[in-house]
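Close look at the chain arrangement
Each chain, letter by letter, is given below.
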Amino acid sequence: MRSTRIAISAAILGALALPVLSAPTASAAPIATTAQATSCSSLPPLPYKVHTDAVIIRSKATTNSTALGVLYKSHTFTVQKKSGNWLSITDKTTGVKGWVSGTYVYRDVRMCLD
């Protein structure tokens, strides 16, 4: 039983190493690229998105304030300002203006390597 496990392990390791051993050697010829390098900091910030199925749009930056509407994942919205963990938004689909909790809304992040 133990010798079978050893044989299977050796076969798997050999199969994993085979592509590495048979890879072509690197040539000294330059590779032509057509992509232009741009600075990541010059790109516009990424948009905010709803992290849950829906979030309530409130009249003030507090959970005790009046609910004005609902912001769903599919809705697009703009953020005017932040106050603590709350974001002042305008729902582009319905035109409703109000506050949403930053716990349920996030901004995509771009990683810059320049």
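The following paragraphs examine the structure supplied in this document. (Residues numbered from 1 in each chain as written. Predicted model: local features only at pLDDT ≥ 70, side-chain atom pairs only at ≥ 80, totals over all residues. Heavy atoms only, no water.)

**Here's the deal with the overall build of the protein**
When you go through the protein residue by residue, the secondary structure sums to 1 helix and 7 strands. Mapped from its N terminus to its C terminus, the protein presents α and β elements in the order α-β-β-β-β-β-β-β. Taking all 114 residues of the protein together, 18% fall into the buried category. (Helix = DSSP H or I, 4+ residues; strand = E, 2+ residues; numbered from the N terminus. Buried < 20%, exposed > 50% of the residue type's maximum accessible area, 1.4 Å probe, protein only.)

**Examining the nonpolar core**
Ranked by size, the top nonpolar core spans 10 residues in total: Y48, V50, V55, I57, L71, F77, L87, I89, V100 and V105. Taken together, the elements giving at least two residues each to this core come down to β1 (48-50), β2 (54-58) and β5 (86-91). Those residues in contact with L87, other than ones at most four positions away along the chain, are Y48, V79, K81, K82, G98, W99, V100 and V105. (Core = buried A, V, L, I, M, F, W, Y, C linked by side-chain atoms within 4.5 Å. Contact = heavy atoms within 4.5 Å.)

**Remarks on the side chain of S101**
Within the secondary structure, S101 sits in strand β6 (residues 97-101). Aside from chain neighbours lying at most four places away, what touches S101 is N85 and W86.

**Details of the environment of T103**
Turning to its location among the elements, T103 is positioned in the loop between β6 and β7 (105-107). It is 8.2 Å that separates the C-alpha atoms of T103 and W86, two residues lying 17 residues apart in sequence. Among the polar contacts listed, one links the side chain of T103 to the side chain of N85, at a separation of 2.9 Å. (Polar contact = N/O pair within 3.5 Å; in protein donor to acceptor, adjacent residues only side chain to side chain.)

**Focus on the side chain of D91**
Inspection of the secondary structure puts D91 in strand β5. K92 provides the closest opposite charge to the buried, salt-bridge-free D91, at an N-O distance of 9.2 Å. There is a polar contact of 2.8 Å between the side chain of D91 and the side chain of H75. Excluding residues that lie within four positions of it along the chain, D91 makes contacts with I57, V70, L71, H75, T76, F77 and V96. (Lys, Arg positive; Asp, Glu negative; His and termini not counted. Salt bridge = Lys/Arg side-chain N within 4 Å of Asp/Glu carboxyl O.)

**A few points about the pairing of β5**
Counting buried residues along β5, 6 of its 6 residues qualify, which places the element largely inside the surrounding structure. On β5, burial covers both faces: W86, S88 and T90 on one face and L87, I89 and D91 on the other are all buried. As paired strands, strand β4 (residues 77-83) and β5 are joined by 6 bridges and run antiparallel to one another. Looking at β5, one finds that S83 is bridged to W86. The hairpin formed by β4 and β5 contains 2 residues between the paired strands, and G84 there has a positive phi angle of roughly 65 degrees. Pairing geometry for β5 and β6, over 5 bridges, is antiparallel. Note that in β6 the partner of W86 across the bridge is S101. Between β5 and β6, which pair antiparallel and follow one another directly, the connecting turn spans 5 residues, one of which, G95, has a positive phi of 85 degrees. (Pairing = 2+ DSSP bridges.)

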